[in-house]
Amino acid sequence: MLSFEELKNDVAIYDNKIPYFSNIISTIYLTEYIAFLQSKLPKEKGIIVSAIGKTDFETHFVPAQIELLTRCINEVQMFSEVISEKTLNDIISCTLSKPLKTRNNRLLVYFFSALDDRSLITRNWQSVIDKNRMFLSSRKGTPLTQTDLSSANLEIKESSPKGSEIIDNYLKKLKKH
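If you're wondering where the values come from, they're calculated on a predicted model, not measured in any experiment. (Residues numbered from 1 in each chain as written. Predicted model: local features only at pLDDT ≥ 70, side-chain atom pairs only at ≥ 80, totals over all residues. Heavy atoms only, no water.)

Caption draft 1: The nonpolar core, seen in detail. In this structure, Phe57, Phe79, Ile91, Phe111, Phe112, Phe135 and Ile167 are the most contacted members of the largest nonpolar core, which totals 38 residues. Contributions of two or more residues to this core are made by α3 (63–75), α4 (85–92), α5 (105–117), α6 (125–132), α7 (146–158) and α8 (164–174). Ignoring anything within four residues of it in the chain, the contact list for Phe135 reads Phe79, Ile91, Pro99, Leu100, Thr102, Leu108, Phe112, Ile129, Thr142, Pro143 and Leu144. (Core = buried A, V, L, I, M, F, W, Y, C linked by side-chain atoms within 4.5 Å. Buried < 20%, exposed > 50% of the residue type's maximum accessible area, 1.4 Å probe, protein only. Helix = DSSP H or I, 4+ residues; strand = E, 2+ residues; numbered from the N terminus. Contact = heavy atoms within 4.5 Å.)

Caption draft 2: Here's a closer look at α4. Those residues of α4 that sit buried are Thr87, Leu88, Asp90, Ile91 and Ile92. Against α3, β1 (100–101), α5 and β2 (135–136) lie the buried residues of α4. Immediately beyond the C-terminal end of α4, within one or two residues, lies Cys94, with a positive phi of roughly 60°.

Caption draft 3: Structural context of the pattern of salt bridges. Under the definition given, this model contains five salt bridges. Between Arg106 and Glu155 there is a salt bridge; the shortest N-O distance is 3.6 Å. Here Arg106, found in helix α5, pairs with Glu155, found in helix α7; they are 49 residues apart in sequence, far enough to count as distant. Of the residues examined, Arg106 reaches a relative accessible area of 24% and is grouped as partly exposed. (Salt bridge = Lys/Arg side-chain N within 4 Å of Asp/Glu carboxyl O.)

Caption draft 4: Examining the environment of Ile121 more closely. Among the secondary structure elements, Ile121 is positioned in the loop between α5 and α6. Overall, the relative accessible area of 8% leaves Ile121 in the buried class. It is 18 Å that separates the C-alpha atoms of Ile121 and Met78, two residues lying 43 residues apart in sequence. Setting aside residues no more than four positions away along its own chain, Ile121 makes contact with Phe57, Thr59, Phe112, Leu115 and Asp116.

Caption draft 5: A look at α5. In this model, α5 (13 residues) spans 18 Å end to end at C-alpha, consistent with the 18 Å of a helix rising 1.5 Å per residue. The buried count for α5 comes to 11 of 13 residues, which makes it a mostly enclosed element. The set of residues buried in α5 consists of Asn105, Leu107, Leu108, Val109, Tyr110, Phe111, Phe112, Ser113, Ala114, Leu115 and Asp116. Just downstream of α5, Ser119 is the residue with a positive phi angle, here 60°. (Expected span 1.5 Å × (residues − 1).)

Caption draft 6: Structural detail: the side chain of Asn105. For Asn105, the position within the fold is in helix α5. A relative accessible area of 17% means that Asn105 is categorised as buried. Polar contacts involving the side chain of Asn105 include one to the side chain of Ser137, which spans 3.4 Å. Discounting chain neighbours no more than four positions away, the residues touching Asn105 are Leu136, Ser137, Ser138 and Leu144. (Polar contact = N/O pair within 3.5 Å; in protein donor to acceptor, adjacent residues only side chain to side chain.)

Caption draft 7: Geometry of the packing of α5 against α7. Where α5 contacts α7, the two axes come as close as 9 Å, and the packing angle between them is 80°. The angle between the axes of α5 and α7 places the two elements in the roughly perpendicular class. Residues Arg106, Leu108, Val109, Tyr110, Ser113 and Asp117 of α5 pack against Leu149, Ala152, Asn153, Glu155, Ile156 and Lys157 of α7. (Axes fitted to C-alpha atoms, helices over the stretch in contact; angles between N-to-C directions. Parallel < 35°, antiparallel > 145°, perpendicular 65-115°, else oblique.)

Caption draft 8: Spotlight on the packing of α3 against α8. Close contact between α3 and α8 brings their axes to 10 Å; oriented N to C, the two are set at 175°. Classed by the angle they form, the pair α3 and α8 counts as roughly antiparallel. Residues Gln65, Leu68, Leu69, Arg71, Cys72 and Glu75 of α3 pack against Ile166, Ile167, Tyr170, Leu171, Lys173 and Leu174 of α8. Grouping the amino acids of the contact of α3 with α8 by side-chain chemistry returns eight nonpolar, one polar and three charged. (Nonpolar A, V, L, I, M, F, W, Y, C, P; charged D, E, K, R; others polar.)

Structural data, given as structure tokens:
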């Protein structure tokens, strides 16, 4: 017969009759004790996490780097128009007044992916571009979505777009600035 008084004095007393009995009792006791301690903690206000996610590229390029990247973008003719350093600053800060039309979506993706690979921009760059509706597709003229960017990113892993070597050369120079 099991006796509470015996158990109270020695929790392992019944381990030979009921294997692991003392471990079960200890687990129950500790679980209850943790719940008790948690109830005594002061209540903390929850932190509200934005569902929007990152809304910028989280980067801090110096003017010389902006100038170099602007030359790179214009040399590979990434957009249907030549851009200025101010336009690149607007891209980076996500404050473009209107979306830019790409000439080659894969080249745009290669550029941002290369910046990401070097930890120069946020890893969520596709989401940033999508949320801010920054670029228009080279074919349809519609805003590039995260799905479009992701698909192009997979394609460039298979084969680099024409002009990618120019981007790589500029990004090597970027380290020196």
